[in-house]
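Observations on the model geometry
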Amino acid sequence: MPQPPRLPYPTALDPSDPIAQLNDAFLEAYAARQRAVLAELGPSVAQVDDTLYLRIGGRRSVGPARTRLYHQLKTICHVPLALQTILGDEGGSLDEDARGQLEELSRRTEPVVETIADAGLDRTQLERQRRLLGASRRFIAEVLAANGVTGPTLVAFLRGQMDDIRANIADAARDQLHTTHATFSAWVADMTPEQWSQLRVVVGAGHMDRTGNLASQYFSRALGDRWEGRFEREDHDDPERRVMTSEDVTDEESAFALLATHVFDTRTSNAFFGEESRMGRDVLADAAERELVAMFGEQPAPAPGDVTPRPARSRSASGCPRS
């Protein structure tokens, strides 16, 4: 087995290295081109958190993607989730830290119980929040009194809240969809057919992009992209796709910068590879696959639906590449 290299050893280029300075020239040129592409970008919409942004013809518009109701319902759902977070999957006796967290959670739910009637919820929603809060507060008191909880008891409590949690989720989804639709429809009404055909959307995901992202589903359906509902995974390799989702989008500027990068990468793919989607995957991907086949003696797993025969695996028990 070959020995790994020993530290210290050189990795990144020193800033004074002429090769590093040459790379700086590329990065400066790339940034300038990105700004130029962004300036000439056609109609574009971005959703970041609660807000929708439209850039079209040198104009900028801002509108809501969801309302206060969305956050009220989501936050109440987080109370049982907080209990599972504090107590873990298997329960057990409380340590000092867990006891303190439960006491603090109980303290913070109390004023919510007292003021929830003034939150602007309808009667059904209000009763539902009272049930969730009341059940959670009673469970906290029981766990504190017993100085612990068993795993099955914890799971039974969590599962017992699921009807109300699902109802909150449904109302929150409805709030975001209809709020987004109202804002977007008003913007679309003023677009020409040409502007509509050029429109692109980027959705900022606040965490790792999850299958079936609500905003991605909405815009995919609204713009006529492929829509597969809650089973949808974005195909970033498709240059024709008009909706993009990224966890790297954290504000308005990063959202539109991502669109500019996507447009420029498509041009680069065509110019160098003659393949529009090539820059949608790591530039090292193809070479890495070939080298890994040589190192480990097996082909990649087939994609779903791919019936192409693959050679049998040939790997040592340790999983290490053959020397």
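**Observations concerning the packing of helix H1 (residues 18-40) against helix H9 (residues 252-273)**
At their nearest, the axes of H1 and H9 sit 9 Å apart, and the two run at 105° to each other. For the element pair H1 / H9, the angle class is roughly perpendicular. Along the contact surface, H1 presents Tyr30, Arg33, Gln34, Val37, Leu38 and Glu40, while H9 presents Phe256, Ala257, Ala260, Thr261, Val263, Phe264, Asp265 and Arg267. Residue composition of the contact of H1 with H9, grouped by class: eight nonpolar, two polar and four charged.

**Some remarks on unusual backbone geometry**
Positive phi, close to 55°, is recorded for aspartate 49, a residue that is not glycine. Within the secondary structure, aspartate 49 sits in the loop between strand E1 (44-48) and strand E2 (51-56). Positive phi, close to 60°, is recorded for asparagine 147, a residue that is not glycine. Within the secondary structure, asparagine 147 sits in the loop between helix H4 (123-146) and strand E5 (148-150). Classification of asparagine 147 by relative accessible area gives partly exposed; the value is 33%.

**Structural notes on the pairing of E1**
Among the five residues that make up E1, five are buried, leaving the element largely enclosed by the rest of the structure. Residues of E1 alternate between two faces, with Ser44, Ala46 and Val48 on one and Val45 and Gln47 on the opposite face, all of them buried. Looking at chain direction, E1 and E2 are connected through five bridges and run antiparallel. By the bridge assignment, glutamine 47 is partnered in E2 with leucine 52. Two successive antiparallel strands, E1 and E2, enclose a turn made up of two residues, where aspartate 49 displays a positive phi of approximately 55°.

**Quick notes on helix H2 (residues 68-87)**
With 20 residues, H2 should cover 28 Å at 1.5 Å per step; its first-to-last C-alpha distance of 29 Å lies within 8% of that length. At valine 79, H2 shows its maximal kink, close to 30°; a proline, proline 80, follows between one and four residues later. Taken together, the buried positions of H2 are occupied by Tyr70, Gln72, Leu73, Ile76, Cys77, Val79, Pro80, Leu83, Ile86 and Leu87. Looking at the packing, one finds that the buried side of H2 touches strand E4 (91-93), helix H3 (96-115), H4, E5, helix H5 (151-160) and helix H6 (162-188). Of the residues trailing H2, glycine 88 is marked for its positive phi of about 75°.

**Quick notes on the sheet that holds E2**
Pairing is mixed in the open sheet, where five strands are placed in the order E3-E2-E1-E6-E7. What marks the edges here is a single partner per strand, and that holds for strand E3 (59-64) and strand E7 (243-246). Across the sheet, the axes of successive neighbouring strands diverge by a mean angle of 15°, strand direction being ignored.

**With respect to the side chain of serine 136**
Secondary-structure assignment places serine 136 in helix H4. Excluding residues that lie within four positions of it along the chain, serine 136 makes contacts with Val79, Pro80, Leu83 and Phe157.

**Section: the packing of aromatic side chains**
For the structure on display, the rule yields seven aromatic pairs. With a centroid separation of 5.9 Å and an interplanar angle of 50°, the aromatic rings of phenylalanine 26 and tyrosine 30 are classed as tilted. A residue pair is termed a helical-turn pair when its members lie 3 or 4 positions apart in one helix, as phenylalanine 26 and tyrosine 30 do in helix H1 at four residues. Using a relative accessible area of 47% as the deciding quantity, one classes phenylalanine 26 as partly exposed. Geometrically, the ring pair formed by phenylalanine 184 and tyrosine 218 is edge-to-face, given 6.1 Å between the ring centres and 85° between the ring planes.

**Examining the pattern of salt bridges**
If the charged atoms of two oppositely charged side chains come close together, the side chains can form a pair. Under the definition given, this model contains 12 salt bridges. Across the salt bridge formed by glutamate 104 and arginine 107, the nearest N and O atoms sit 2.6 Å from each other. You can see glutamate 104 and its partner arginine 107 sitting in helix H3, three residues apart, about one turn around the helix. Given the relative accessible area of 49%, arginine 107 is considered partly exposed. Two residues, glutamate 104 and arginine 108, come together in a salt bridge whose shortest N-O distance is 2.7 Å. With glutamate 104 and arginine 108 both in helix H3, this residue pair falls four residues apart, about one helical turn. According to the relative accessible area criterion, glutamate 104 is partly exposed, its value standing at 28%. Taking the relative accessible area as the measure of exposure, arginine 108 reaches 56% and is therefore exposed. Linked by salt bridges that have partners in common, Arg55, Arg60, Glu252 and Glu253 make up one network.

**Some remarks on the environment of glutamine 34**
Within the fold, glutamine 34 resides in helix H1. With relative accessibility at 22%, the residue glutamine 34 sits in the partly exposed group. Spatially, the C-alpha atoms of glutamine 34 and histidine 262 are 9.7 Å apart, while their sequence positions differ by 228 residues. Among all residues touching glutamine 34, those that are not within four sequence positions of it are Ala257, Ala260 and Thr261.

About the thresholds
Residues numbered from 1 in each chain as written. Predicted model: local features only at pLDDT ≥ 70, side-chain atom pairs only at ≥ 80, totals over all residues. Heavy atoms only, no water. Axes fitted to C-alpha atoms, helices over the stretch in contact; angles between N-to-C directions. Helix = DSSP H or I, 4+ residues; strand = E, 2+ residues; numbered from the N terminus. Parallel < 35°, antiparallel > 145°, perpendicular 65-115°, else oblique. Contact = heavy atoms within 4.5 Å. Nonpolar A, V, L, I, M, F, W, Y, C, P; charged D, E, K, R; others polar. Buried < 20%, exposed > 50% of the residue type's maximum accessible area, 1.4 Å probe, protein only. Pairing = 2+ DSSP bridges. Expected span 1.5 Å × (residues − 1). Bend = angle between axes of the 7 residues up to and from the residue. Phe/Tyr/Trp six-rings, centres within 6.5 Å; stacked < 30°, edge-to-face > 60°. Salt bridge = Lys/Arg side-chain N within 4 Å of Asp/Glu carboxyl O.

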